[in-house]
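Listed below, chain by chain, are the residues.
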Amino acid sequence: MNFQYSVVRVMPSAVAEECLNVAVMIRYDGLVQVARAKKLERIAKAFPTIDQDAVEVSLAYLDELGQAQPDLDLSELSRRTRGALVQVSPPATTVGDSIESELRDLFQLYVEPKPARSPIAYRRVSPHRARKGTVLVSGTAQPVNGRRATPSR
Amino acid sequence: MPDSDPISLPRVVLKRHHRAMSGDEGGGSQPQVFEDTDGRFWMVKAPNNPQNGQVLASEFVAASLGRTLSAAIPPAAICELSAELVADVKFADGQPWAAGSGFGSELLQSSPPSYAAGTHEPITNCASAAAVVVIDTLLGSHDGRQARACKDGEGWAVWAVDFGHDIGPGAWSRASLEALASPPALEDGHHWLSLATKEIMGELAETVSNITNEDFAQIVGAIPAEWGPSDDDRVALVAHLVRRREAVVTLIRQRVDA
């Protein structure tokens, strides 16, 4: 099954355009679900002067919208919220078995991220020389951590 | 194709679209960010990207050789794009993405800046960077070398990105390959070779000279058919690589002996 999803962002200034992700909306076959951050502490820390009540009202509106309009068009919602305090991103597609698991996965990715799941292991894919900790400057091998350069092959 | 294949590329299935890449982040092929079924993130070029299918073939050959030479090129893969996943994905002019096989380069997730000589020093992966120079020369670069710089301990690891204009400026053919002159020098726009010791260069010369004609044929033969090089162009590409291998090895050895 393929689902449409959007990320909900709080953007206090339409000029500065700094923002934080606070929720994810996902839509499939007449069902819209929203997963939102339980607490808005991150927003309060990042934007101390923000009107948190206004954020809450906007998020509650999106919650209600999802329930009241299951045929909600996320593209249209994205257009309508452009420049607003709480904005909905243009929708993208995810393919999976259930709306719940996709929503959970997206929420963890966009709103409550853990450390990157699969960063490139630079050291692992770098050649032997780099793994040994050798830094080369202007053609001269300079061992790091007291180790001497060794041939890679 | 198994990931353990030493010279070709793995195949991954994409399950989620994230976003378009814009400006210098993306380029003329208008790649987009996707996630595969294992949670890895890829910068993916579409099979019907606005440049040409052969841009993907060039990327494929460069990435495959990159594995062989331990070059500073992000891991790459053939990315399977289902029709349902790309149904709403469009190019800037509104044309839809085609389903099928795209080329994917693993996303450098720490948002690394573009490499700038003098700013991102010292380079910690000099041998891998030198291997990129060798690949650009072997294929024949038709564009400046783009790279990203990732903080790596006390220095920076450089990662070369976008080989779409190696081999040819987008499209290439037997005629264009046969018209290319032998490389007069190693294509080292960033002077990465100045950081490579004679030992590194000697090892590179040895590794390149050990790539067999059959290795080249295997790599070229593994380019997905939908990316377009005809059988005749593939034969010409193998001949091109064989010809330039000798020239590249000579250029490297001249540098070692200098």
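Residues numbered from 1 in each chain as written. Chains lettered and ligands numbered in written order. Predicted model: local features only at pLDDT ≥ 70, side-chain atom pairs only at ≥ 80, totals over all residues.

**Q** With reference to specific residues and values, describe the overall build of chain B.
**A** When its secondary structure is counted, chain B shows 6 helices and 7 strands. When the elements of chain B are put in sequence order from the N terminus, they spell out β-β-β-α-β-β-α-β-β-α-α-α-α. Relative to the globule expectation of 18 Å for 258 residues, the C-alpha radius of gyration of chain B, 18 Å, shows essentially globular dimensions. Reported as C-alpha extents along the three principal axes, the dimensions of chain B are approximately 55 × 45 × 35 Å. (Helix = DSSP H or I, 4+ residues; strand = E, 2+ residues; numbered from the N terminus. Rg over C-alpha atoms; globule rule 2.2 N^0.38 Å.)

**Q** Can you explain the domain arrangement of chain B? Please cite residues and give values.
**A** Residues and elements named next belong to chain B. For chain B, the assigned domains read domain 1 (11-106) and domain 2 (126-257). Spacing between the C-alpha centres of domain 1 and domain 2 amounts to 21 Å. Every contact between the two is made by 29 residues of domain 1 and, on the other side, 31 residues of domain 2. Within the residue set of the side of domain 1 that touches domain 2, elements represented by two or more residues are α1 (53-69) and β5 (100-106). (Domains from an automatic or database assignment. Contact = placed C-beta atoms within 7 Å.)

**Q** Go over helix α6 (residues 231-257) of chain B with me, naming the residues and quoting the values.
**A** Residue and element names in this part refer to chain B. Along its 27 residues, α6 runs 39 Å from first to last C-alpha, staying within 8% of the 39 Å computed at 1.5 Å per residue. Here α6 has its buried residues at D233, A236, L237, V238, H240, L241, R244, V248, V249, L251 and I252. Packing partners of the buried residues in α6 comprise α2 (126-139), α3 (174-179), α4 (198-209) and α5 (213-221). (Expected span 1.5 Å × (residues − 1). Buried ≥ 20, exposed ≤ 12 C-beta atoms within 10 Å, placed from the backbone.)

**Q** Kindly report on the environment of T93(A), identifying the contributing residues and their values.
**A** Mapped onto the elements, T93(A) comes out in strand β5 (residues 92-95). Taking the C-alpha atoms as reference points, T93(A) and R27(A), 66 residues apart in sequence, are found 9.8 Å from one another. Setting aside chain neighbours within four positions, we find T93(A) in contact with N2(A), Q4(A), H17(B), L85(B), A87(B) and D88(B).

**Q** Talk me through the packing of α5(B) against α6(B); I want residue IDs and the actual numbers.
**A** All names here are of chain B. Running from N to C, α5 and α6 point in directions that differ by 140°, and their axes come no closer than 9 Å. As summarised for this structure, α5 and α6 are arranged oblique, according to the angle between their axes. Where α5 crosses over α6, the handedness of that crossing is right-handed. Taken together, the residues of α6 that come into contact with α5 (itself represented by N213, F216, A217, V220 and G221) are R234, L237, V238, L241 and V242. Among the residues forming the contact of α5 with α6, the class breakdown is 7 nonpolar, 2 polar and 1 charged. (Axes fitted to C-alpha atoms, helices over the stretch in contact; angles between N-to-C directions. Parallel < 35°, antiparallel > 145°, perpendicular 65-115°, else oblique. Left-handed = near helix turned anticlockwise from the far one by under 90°. Nonpolar A, V, L, I, M, F, W, Y, C, P; charged D, E, K, R; others polar.)

**Q** Go over the pairing of strand β7 (residues 155-161) of chain B with me, naming the residues and quoting the values.
**A** Residue and element names in this part refer to chain B. Of all 7 residues that make up β7, 7 are buried, and the element is covered over most of its length. Here strand β6 (residues 146-152) runs beside β7; their pairing, made up of 7 bridges, is antiparallel. When the bridges of β7 are listed, Q146 appears paired with V161. The turn linking β6 back onto β7 is made up of 2 residues, and G153 within it adopts a positive phi angle of 65°. (Pairing = 2+ DSSP bridges.)

**Q** Any chance you could break down α1(B) for me, citing the residues and the numbers?
**A** All names here are of chain B. A rise of 1.5 Å per residue sets the reference length of α1, with its 17 residues, at 24 Å; its end C-alpha atoms lie 25 Å apart and thus fit the reference within 8%. Of all 17 residues that make up α1, 15 are buried, and the element is covered over most of its length. In the segment just after α1, S70 is the residue with positive phi, at about 50°.

**Q** Lay out the pairing of strand β1 (residues 11-20) of chain B with the relevant residues and their values.
**A** Residues and elements named next belong to chain B. Direction of pairing for β1 relative to strand β4 (residues 76-81): parallel, over a ladder of 3 bridges. Bridge pairing in β4 places V12 opposite C79. Sheet analysis places β1 next to strand β2 (residues 32-36), joined by 5 bridges and oriented antiparallel. Across the sheet, residue H17 finds its bridge partner in β2, namely F34.

**Q** An account of the environment of L62(A) is requested, with residue identities and associated values reported.
**A** Residue and element names in this part refer to chain A. Positionally, L62 belongs in helix α2 (residues 52-68). Classification of L62 by C-beta neighbours within 10 Å gives buried; the count is 21. For the pair L62 and A23, spaced 39 residues apart in sequence, the C-alpha to C-alpha distance is 9.8 Å. If we ignore the near neighbours within four places in the chain, the residues touching L62 are V8, A23, M25 and V34.

**Q** Can you lay out the confidence of the model for chain B for me, pointing to particular residues and giving the numbers?
**A** The predicted model of chain B averages 91 in pLDDT, with 97% of residues at 70 or higher. Looking over chain B, one finds the lowest element-wise mean pLDDT in β6(B), namely 91, and the highest in β4(B), namely 97. (pLDDT = per-residue confidence, 0-100.)

**Q** Describe unusual backbone geometry, and please don't skip the residues or the numbers.
**A** All names here are of chain B. Across the junction of E121 and P122, the peptide omega takes the value -5°, indicating a cis bond. Position of P122 relative to the elements: it lies in the loop between β5 and α2. Phi at H191 is positive, roughly 60°, even though this residue is not glycine. Turning to its location among the elements, H191 is positioned in the loop between α3 and α4.

**Q** Go over the nonpolar core with me, naming the residues and quoting the values.
**A** Formed by 80 residues in total, the largest nonpolar core has its most connected members in C79(B), A130(B), A131(B), V134(B), I135(B) and V158(B). No other element matches α2(B), which puts 11 residues into this core. Formed jointly, this core draws a minimum of three residues from each of two domains, domain 1 (11-106) and domain 2 (126-257) of chain B. The contact partners of I135(B), leaving out residues within four places of it in the chain, are A62(B), L65(B), G66(B), L69(B) and A71(B). Counting residues in each nonpolar core, the second largest holds 24 residues, with V24(A), V32(A), L72(A) and L109(A) among its members. (Core = buried A, V, L, I, M, F, W, Y, C linked by C-beta atoms within 7 Å.)

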